[in-house]
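Listed here are the chains, written in short residue letters.
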Amino acid sequence: MICAMARVTYESRDDAGHKFWVARYGRYAVRIDATRRGVYPWLIRLEGRSVRNGVAPDRDQAATAVSEALDELPR
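The present account deals with the structure reproduced in this document. As the structure is a prediction and not an experimental result, all values here were calculated from the model.

What follows covers the sheet that holds strand E3 (residues 28-33). Taken in spatial order, the 5 strands make up an open sheet running E1-E2-E3-E4-E5, and their pairing is antiparallel. Two strands bound the open sheet, and with one partner strand each, they are strand E1 (11-15) and strand E5 (49-56). When the angles between neighbouring strand axes are averaged without regard to direction, this sheet yields 20 degrees. Relative to E3, strand E2 (residues 18-25) is paired through 6 bridges, and the arrangement is antiparallel. Within the sheet, the bridge partner assigned to Ala23 lies in E3 and is Val30. Where helix H1 (residues 59-72) meets the sheet, its contacts fall on E2, E3, strand E4 (40-46) and E5, and the angle it forms with E4 comes to roughly 25 degrees.

Reading the values: the criteria
Residues numbered from 1 in each chain as written. Predicted model: local features only at pLDDT ≥ 70, side-chain atom pairs only at ≥ 80, totals over all residues. Heavy atoms only, no water. Pairing = 2+ DSSP bridges. Helix = DSSP H or I, 4+ residues; strand = E, 2+ residues; numbered from the N terminus. Axes fitted to C-alpha atoms, helices over the stretch in contact; angles between N-to-C directions. Contact = heavy atoms within 4.5 Å.

Interpretation note: all reported values are geometric properties and have no functional meaning in isolation.
Now the structure itself:
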């Protein structure tokens with residue numbers, strides 16, 4: 001089985017010095033936070049509720065984890 005990785009385009013935002021990235025993928029909303037160096041929590045939401053979340057050591061690994069999680073979710 002070949003798994004097609006989700007392609008997500010992130011928009012960088014800054015809120016009073018707190019950096020984070022947001023994106024939409026179909027009906028899902030995605031957010032990756034830069035809490036502190038080495039801690040990048042990510043969250044996938046659907047209709048206001050969390051459907052997947054996790055933590056990665058850097059932004060690229062968080063984006064990869066999000067893509068893998070989105071591949072597992074119904075479209």
